[in-house]
Amino acid sequence: MRPRLGVIFFSKRSWPLAAGLLSLLALCGPAARARERERNSVYAERRARLRAQVDGPVILFGYTGKEDSSPSYVFKQEYNFYYLTGHNEPGAALILLPDARNDNTNGSGKANGKANSKEWDGPREILFLPPREAVRERWEGPRLGPSDPGVLEKIGFGAVEAFPKLRGEVEKLAKIYANLYTLLPGADDAGYPHARNWSNWFYQVVPQAHLSNVAAQIAAMRQVKSPGEIELLTRAIELSVDAQLEAMKTIRPGLYEYQVAARMEFVHKYGGCEREAYAPIVGTGFNATVLHYSSLREMIRDGEVVVLDVAGQYSGYSADITRTVPANGRFTARQREIYEIVLGAQNAVLAALKPGMSFARTGPNSLYLIAHQYINSHGKDKNGQPLGRYFIHGLGHHIGLDVHDAGASDRPLEPGMVVTIEPGIYIPEEHLGVRIEDDVLITATGYKLLTARLPREIAEIEKIMAEARKK
Ligand code: GLY
Ligand code: MN
Ligand code: MN
């Protein structure tokens, strides 16, 4: 069946195009500047903190730009490289020398038996950039080049070199230091070839070198956000809240899942988001029980609930928000019962949320257990069994440059971390799925609900939906 596009824009009972767009414009305010970055000093300070944690050089590669050959691909920097440089152009690399204090000399004047690092008389940090190519720039626009006037000030690095010089510097460093730090293939990038390709490069160029994985150190830093990161995340969250409110006003039986997603994506993009934080999940009926449902091909029908797990990415930082709403604007008694249990679980978690608590599945500080116990002790399935078995995913995760951001998921929470709290119940046999997902900043004494502007209570959601239907 063909989607009834007319339902969205042209029917009398729905909103005319102009009114719809006007309400969106009012909602979004002035378009913000996409792809903001933090001050150079913030990236420099991160590099200094990393240099203080290693006893050998850190050598990292940005993405090449050839990771995806599709014409619709827009370059996006490797997260760790971006975190340390704020540089969002392809083909770059960096070398950071260890802080002089922990430059490994073993007190013997030798670095692990090798010559003292004093033999390294180069800069303590170098950014390598590909030489500029005039013809390519006619196609892709100007790039920052290694010999540009003022390049050091522009990018805030101690030194900038042309990329072809990297290999010689790495060969030199491998003769001086026993340990070279880079990103090695690991659980986080399963299947993705970046770390694998570059570690193979090391094995060929400096086969004698011992490679250590620096992923965990950078990930641990990434888990505690800077004020600038919190600002960018807040912007992503605000735009995503706007989009969720727009969806509540939009949804009705007869619309297709992708049509609801399209309106939400418009709100993100118009506000300055460069892309979606992840493939939008708009799942109605049975699809609401499929955690990462992505085909969005079904028509929303009367009596169903719709899971809306949709959020934008702003200047590199990703929000992650879910609301579950009734297609016709009113929850049925059973939908209400399950929704209230998920909300009760989320509120129980929020009541306990503070530094020291964790996403670990067990232990006295487990937030997951609080949610699971709540769900398992409220309500029953159609066979009279407890509902814990229908809470089939973790309680939450860090957000940041990646929507499932880097770092140990069971690390106790600390002020400055930004995480999701997202309990859910999914009962496929009832075609009923409910997830409520909010984003919180951990503070010294508890948390700040960054998604506070987006209602979670049934009465408030039904009110917004009812008011939109009057128009
Ligand atoms: N949007 C994916 C998640 O909630 O983790
Ligand atoms: Mn999530
Ligand atoms: Mn989500």
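Structure: see above.
Calculation notes
Residues numbered from 1 in each chain as written. Chains lettered and ligands numbered in written order. Predicted model: local features only at pLDDT ≥ 70, side-chain atom pairs only at ≥ 80, totals over all residues. Heavy atoms only, no water. Helix = DSSP H or I, 4+ residues; strand = E, 2+ residues; numbered from the N terminus. Polar contact = N/O pair within 3.5 Å; in protein donor to acceptor, adjacent residues only side chain to side chain. Contact = heavy atoms within 4.5 Å. Donors = N, O, S within 2.8 Å, 3.2 Å for Na, K, Ca; no water. Tetrahedral: all angles 85-135°; square planar, octahedral: opposite > 155°, others 65-115°. Buried < 20%, exposed > 50% of the residue type's maximum accessible area, 1.4 Å probe, protein only. Pairing = 2+ DSSP bridges.

Quick word on the side chain of S366
Following the sequence through the fold, S366 ends up in the loop between helix 12 (333–352) and helix 13 (367–376). At 2.6 Å, the side chain of S366 and the backbone oxygen of A360 are in polar contact. In this view, S366 contacts S358, A360 and R361; residues no more than four positions away in its chain are not counted.

Observations regarding the coordination of the manganese ion (ligand 3)
For a metal bound by four donors in a tetrahedral arrangement, the ideal donor-metal-donor angle is 109.5 degrees, while six donors in an octahedral arrangement ideally sit at 90 or 180 degrees. At 2.1 to 2.4 Å from the manganese ion (ligand 3) lie its protein donor atoms, namely D309 (OD), D309 (OD), D320 (OD) and E437 (OE). The site at the manganese ion (ligand 3) holds six donor atoms, and with the angles between them running 57 to 171 degrees, its shape is irregular. Between the manganese ion (ligand 3) and the manganese ion (ligand 2), the interatomic distance is 3.4 Å, and D320 donates to each metal, bridging them. Here the residue D320 occupies a position in the loop between strand 13 (317–318) and strand 14 (322–326), and E437 occupies one in the loop between strand 17 (432–435) and strand 18 (438–442), the gap between them amounting to 117 residues. In this structure, D320 and E437 share a single accessibility class: buried.

Quick look at the coordination of the manganese ion (ligand 2)
Taken together, the protein donors to the manganese ion (ligand 2) comprise D320 (OD), H397 (NE2), E422 (OE) and E437 (OE), at separations of 2.0 to 2.1 Å. One can describe the donor arrangement at the manganese ion (ligand 2) as irregular, given that its six donor atoms subtend angles of 51 to 157 degrees at the metal. Sequence spacing of the donor residues for the manganese ion (ligand 2), all on one chain, is D-x76-H-x24-E-x14-E.

Overview of the pairing of strand 7 (residues 179–182)
Every second residue of strand 7 is oriented toward a common face, with N179 and Y181 on one face and L180 and T182 on the other, all of them buried. Pairing geometry for strand 7 and strand 8 (residues 210–213), over four bridges, is parallel. In the strand pairing of strand 8, T182 is matched with N213.

Any functional reading would require information beyond the geometric quantities listed.
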